[in-house]
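Observations on chain architecture
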Amino acid sequence: MGTESRKWLRFRHAGATGFGTLTSDGISVHEGEMFGRNAGTGKMLALPEVELLAPCAPSKIVALWNNFHALAAKLNQPEPLAPLYLLKATTSIAAPGAVIRRPSYYDGKTTYEGELGIVIGKICARVSPDEADRFIFGYTCVNDITANDILTSDPTFPQWARAKGIDDYGPFGPVIATGLDPASLTVRTVLNGAERQNYPISDMIFSAQALVSKISHDMTLLPGDLIAVGTSVGVGVMKEPVNIVTVAIDGIGELTNEFRL
């Protein structure tokens, strides 16, 4: 993990997609590649001038299940011996501020899940936990939205990929923050003005470094890939016609989206 703390983001401005860092004066525009060689152009943009995009375009989204001691205890689930995860469709990605709608064919329950996201910065295969920080670019906020009634609708097959892979059910951002110690972070989720989740990342069963190591032994992780580390207690159903959900992590920022039934 690098010592320099920066907040990287992607945006659309004047019909073109760009990236840069968030500063007290606005966005410092960069050129090159976020996960490669890049440099500031000297140009600044004000946040209101741009449309924020998801801060990277992952080739895959790895989403964890049952990765917090507190949630495992509440659900009376045994703590796993290895990370339990699924792949979430990249077409589920939504930008910060995006309006997300429940599909017209589905009238069941939909839940928010506020989570920390790990963003990979280098090609990562079969690394050790001690090496993992060298491959982690930074961290972001994730709302791993889930269509719960789809998940359990067929008793012969839990439909994780479908329930979590619906279009726009994977917002993350607004930035990727570098130079952070993930174990020091706290995730808060606010639904329609009421705090519903407030839990420490230090309660993870598998740390950020352990997750990167173990997953990289299964599959090669590429620059920009996103690992949603799982959620803890406080997950709930979005019941109002219009629901405002904010996932807030100090040191990263606030991801806010509107979910409509």
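I will try to describe carefully the structure that is included in this document. (Residues numbered from 1 in each chain as written. Predicted model: local features only at pLDDT ≥ 70, side-chain atom pairs only at ≥ 80, totals over all residues. Heavy atoms only, no water.)

**Looking at the sheet that holds strand β15 (residues 186–191)**
The line we're drawing: Should DSSP find at least two bridges between two strands, the strands are regarded as paired. Helix numbers and strand numbers start at the N terminus; a helix is a DSSP run of H or I with at least 4 residues, a strand a run of E with at least 2. To get an axis, fit a line to the C-alpha atoms, keeping to the stretch in contact for a helix; angles then go from 0 to 180 degrees between the N-to-C directions.
Spatial strand order, β9-β20-β19-β15-β16: five strands in an open sheet with mixed pairing. Looking at the sheet topology across the chains shown, the edges are occupied by β9 (99–101) and β16 (194–200). Mean inter-strand twist for the sheet, computed between neighbouring axes without regard to direction, equals 20°. Pairing analysis gives five bridges linking β15 to strand β19 (residues 242–249), with the strands arranged antiparallel. The residue bridging Arg 188 from the neighbouring strand is Ala 248, located in β19.

**Some thoughts on the packing of aromatic side chains**
Inclusion rule: Whether two aromatic rings pair depends on their centres lying within 6.5 Å, for rings of Phe, Tyr and Trp, where Trp uses its six-membered ring; planes under 30 degrees apart make the pair stacked, over 60 edge-to-face, and the rest tilted.
Within the structure shown, the criterion is met by six aromatic pairs. Between Phe 68 and Tyr 199, the aromatic rings sit 5.0 Å apart at their centres with planes inclined by 80°, giving edge-to-face as the arrangement. Taken as a pair, Phe 68 in the loop between β6 (61–65) and α1 (69–75) and Tyr 199 in strand β16 lie far apart in primary sequence, 131 residues in all. When the ring of Tyr 169 is compared with that of Phe 259, the centres are 6.0 Å apart and the planes differ by 70°; the resulting orientation is edge-to-face. Of this pair, Tyr 169 sits in the loop between α3 (160–164) and β14 (170–177) while Phe 259 sits in strand β20 (residues 253–260), and the two are 90 residues apart along the sequence. Members of the aromatic cluster, connected to one another through ring pairs, are Trp 8, Phe 19, Phe 35 and Phe 137.

**Quick look at the environment of Gly 15**
With respect to the helices, strands and loops of the structure, Gly 15 is situated in the loop between β1 (7–13) and β2 (16–23). For the pair formed by Gly 15 and Glu 51, sequence separation is 36 residues and the distance between their alpha carbons is 9.9 Å.

**Observations regarding unusual backbone geometry**
For clarity, the threshold we go by: Only protein chains enter the area calculation, which uses a 1.4 Å probe; residues under 20% of their type maximum are buried, those over 50% are exposed, and those in between are partly exposed.
Following Gly 173, the chain continues into Pro 174 via a peptide bond in cis, with omega recorded as 0°. Unusually for a residue other than glycine, Ala 14 sits at a positive phi of about 55°. Relative to the assigned elements, Ala 14 resides in the loop between β1 and β2. Classification of Ala 14 as exposed rests on a relative accessible area of 76%. A positive phi angle, near 55°, is found at Arg 126, a position not held by glycine. As for its placement among the helices and strands, Arg 126 is situated in the loop between β11 (114–120) and β12 (136–143).

**Focus: the pattern of salt bridges**
Threshold: Any carboxyl oxygen of Asp or Glu within 4 Å of a side-chain nitrogen of Lys or Arg constitutes a salt bridge here.
Inspection of every chain in the model, using the stated rule, returns seven salt bridges. For Asp 225, the salt bridge identified is with Lys 60, shortest N-O distance 2.8 Å. Of this pair, Asp 225 sits in the loop between α4 (208–218) and β17 (226–228) while Lys 60 sits in the loop between β5 (51–53) and β6, and the two are 165 residues apart along the sequence. A single network of salt bridges, built from pairs that share partners, joins Lys 88, Glu 113, Asp 144 and Lys 164.

**Here we look at the pairing of β15**
In this structure, β15 lies alongside β16, joined through six bridges in antiparallel fashion. From the neighbouring strand, Val 187 faces β16, where its bridge partner is Tyr 199. Counting the residues that bridge the hairpin from β15 to β16 gives two residues, and of these Asn 192 lies at a positive phi of roughly 50°.

**Thoughts on a nonpolar patch on the surface**
Under the convention used in this document: Each patch is built from salt-bridge-free residues with over 30% relative accessible area, joining like charges within 9 Å and nonpolar side chains (Val, Leu, Ile, Met, Phe, Trp, Tyr) within 5 Å. Calculation of accessible area relied on Shrake-Rupley with a 1.4 Å probe; when residues are assessed, cover is drawn exclusively from the protein chains displayed.
A cluster of nonpolar residues, Trp 65, Leu 75 and Leu 84, forms a patch on the protein surface that exposes about 240 Å² of accessible area. Following the sequence through the fold, Leu 75 ends up in helix α1.

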